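Inside the fold
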Amino acid sequence: MSYTNLLVTDADGIRTITINRPDQLNALNRATIAELDQALTETDADKSIRVLIITGSGMKAFVAGADIKEFAHFSVPEGKALSADGQKKLFDHVETMSKPVIAAVNGFALGGGLELAMSCHVRLASDNARMGLPEVSLGVIPGYGGTQRLARLVAKGKAMEMILSAGMIDANDALQWGLVNRVVPQDQLLSTAVELATRIMKNSPTALAAAIRAVNAGYEPGVNGMQREIEEFGKCFGTADFKEGTSAFMEKRKAEFRGE
Ligand code: COA
């Protein structure tokens, strides 16, 4: 499938989706969110893909936010629908993918851009990256999960400071705050993401999916994360991957996981 606002490339089981509106700093308009929704669905269904990397086109921005020009004249119901629809199609969709998703943050990650990075399972950043939730400077608040996910990642006090000041932090502060896992020079960002993806994809796809579900469960309202872990752990014992992983260990050979 080809897209207007995305570039999709596959190599050795790793898919890279590049948000490709560089003249608008890859701002997320509704068309781009709809394409990402479609691309995520296809990626989840494609057994040949084991890990997904999401990045932005160009040297300047990962994503500079939701498209301000598109929503500037929205009414109250349209604003509410924009948030609800975006959360469902993109941000919750990324977070609940059954395959690990790595954000390669290659520059500005502002507003919806930081919210997208925070929805991914792992975040790597280039040394020129700058991150923030500047929505209150526009008279609005983060609406793509930012008020919830930022507080989970960096704790409430820092999240409040970042959201209320509408300020940006640089990559090193983001690293110190725990907002990103690693900072590398920009020309090494994608190769570092591929290296991590390659390490991850040596593991059982069924176990990776179960691990994502179990970790996410701890943040679902009304869900007992420990109980979900017990269930997911138990289910692993019925998979071919578990049989293969444990047999390979005992036979002192490398496991060949088929994701079943
Ligand atoms: N929505 C729509 N367009 C955006 C955008 C956004 N979130 N962010 C950047 N753009 C567009 C600019 O309007 C400009 O387009 P134009 O050339 O057609 O006018 C183009 O991208 C380049 O951006 P520009 O502002 O000229 O670059 P800069 O280097 O001077 O500043 C930023 C970079 C990121 C600091 C600045 O673009 C910015 O503050 N963007 C908005 C960030 C934001 O508030 N995001 C949250 C949205 S809820």
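The structure displayed is predicted, hence computed values, not measured ones.

**So, the side chain of Arg-21**
- Within the secondary structure, Arg-21 sits in the loop between strand 2 (14-19) and helix 1 (30-45).
- What Arg-21 contacts, discounting residues up to four positions off in sequence, is Asn-5, Asn-26, Ala-27, Asn-29, Thr-32 and Asp-67.

**Observations concerning the site of the ligand**
- For the ligand, the set of nearby residues contains 16 residues, the closest of which are Lys-60, Ala-64, Ala-66, Ile-68 and Lys-69.
- In this structure, Asp-23 approaches the ligand through a main-chain N or O atom, which is 3.5 Å from an oxygen atom.
- The backbone of Ile-68 places a nitrogen or oxygen atom 3.0 Å from a nitrogen atom of the ligand.
- When the free accessible area of the ligand is taken as 860 Å², the share hidden by the protein chains comes to 62%.
- Elements supplying a minimum of two residues to the shell around the ligand: helix 2 (68-71) and strand 6 (108-110).
- Class assignment for the residues of the shell around the ligand results in 9 nonpolar, 2 polar and 5 charged.

**Remarks on the packing of aromatic side chains**
- As enumerated under the stated definition, the model contains 3 aromatic pairs in all.
- Ring geometry for Phe-91 against Tyr-144: centres 4.4 Å apart, planes inclined by 20 degrees, an arrangement best described as stacked. Of this pair, Phe-91 sits in helix 3 (residues 76-95) while Tyr-144 is found in the loop between strand 8 (130-132) and helix 5 (146-154), placing the two residues 53 residues apart along the sequence.
- Judged by its relative accessible area of 0%, Phe-91 is buried.
- Here a set of aromatic residues connected by ring pairs shows up, and it is made of Phe-233, Phe-237 and Phe-242.
- Between the NZ or CZ atom of Lys-158 and the centre of the ring of Trp-177, over which it lies, the distance is 5.5 Å.

**Describing the domain arrangement of the protein chain**
- For the protein chain, the assigned domains read domain 1 (6-200) and domain 2 (205-250).
- The interface is formed by 10 residues belonging to domain 1 together with 6 residues belonging to domain 2.
- Buried surface at the junction of domain 1 and domain 2, summed over both partners, amounts to about 630 Å²; 68% is from carbon and sulfur atoms.
- Contact with domain 2 buries surface across domain 1, with Arg-50, Ser-98 and Arg-152 losing the most and accounting together for 53% of the total.
- One can count 0 salt bridges joining domain 1 with domain 2.

**What about the packing of helix 9 (residues 205-217) against helix 10 (residues 225-236)?**
- Viewed as axis vectors pointing N to C, helix 9 and helix 10 meet at an angle of 170 degrees, and their least axial separation amounts to 8 Å. It follows from the interaxial angle that helix 9 and helix 10 lie roughly antiparallel. For the pair helix 9 and helix 10, the contacting residues are Ala-210, Arg-213, Ala-214 and Ala-217 in the first and Gly-225, Arg-228, Glu-229, Glu-232, Lys-235 and Cys-236 in the second.
- The class makeup of the residues in the contact of helix 9 with helix 10 is 4 nonpolar, 1 polar and 5 charged.

**Overview of the pattern of salt bridges**
- Counting across every chain of the model gives 14 salt bridges.
- Among the charged side chains, a salt-bridge network with shared partners connects Asp-10, Arg-15 and Asp-46.

**Thoughts on the layout of surface pockets**
- Approximately 730 Å³ is the volume attributed to the largest pocket.
- Taken together, 27 residues form the lining of the largest pocket, with Glu-95, Arg-149, Arg-152, Asn-216 and Tyr-219 sitting closest to its centre.
- Where the lining of the largest pocket is concerned, the elements lending two or more residues are helix 3, helix 4 (112-119), strand 7 (122-126), helix 5 and helix 9.
- With 6 residues, helix 9 is the single largest residue contributor to the lining of the largest pocket.
- Each residue belonging to the lining of the largest pocket can be placed in one class, and the counts come to 12 nonpolar, 7 polar and 8 charged.
- Taken together, domain 1 (6-200) and domain 2 (205-250) each give at least three residues to the lining of the largest pocket, which thus spans both.
- Empty space within the second largest pocket amounts to approximately 500 Å³.
- Among the elements of the structure, helix 2, helix 3 and helix 4 are those that each provide at least two residues to the lining of the second largest pocket.

Cut-offs and rules
Residues numbered from 1 in each chain as written. Predicted model: local features only at pLDDT ≥ 70, side-chain atom pairs only at ≥ 80, totals over all residues. Heavy atoms only, no water. Helix = DSSP H or I, 4+ residues; strand = E, 2+ residues; numbered from the N terminus. Contact = heavy atoms within 4.5 Å. Near = heavy atom within 4 Å. Polar contact = N/O pair within 3.5 Å; in protein donor to acceptor, adjacent residues only side chain to side chain. Areas by Shrake-Rupley, 256 points an atom, 1.4 Å probe, with all protein chains shown as cover. Nonpolar A, V, L, I, M, F, W, Y, C, P; charged D, E, K, R; others polar. Phe/Tyr/Trp six-rings, centres within 6.5 Å; stacked < 30°, edge-to-face > 60°. Buried < 20%, exposed > 50% of the residue type's maximum accessible area, 1.4 Å probe, protein only. Lys NZ or Arg CZ within 6 Å of the ring centre and 35° of its normal. Domains from an automatic or database assignment. Buried area = accessible area lost by both parts, 1.4 Å probe. Salt bridge = Lys/Arg side-chain N within 4 Å of Asp/Glu carboxyl O. Axes fitted to C-alpha atoms, helices over the stretch in contact; angles between N-to-C directions. Parallel < 35°, antiparallel > 145°, perpendicular 65-115°, else oblique. 1 Å grid on protein atoms, 1.4 Å probe; cavity = no way out; pocket = protein on both sides within 12 Å on 5 of 7 lines; lining within 4 Å. Points joined across faces, edges and corners; volume = space filled by probe spheres on them.

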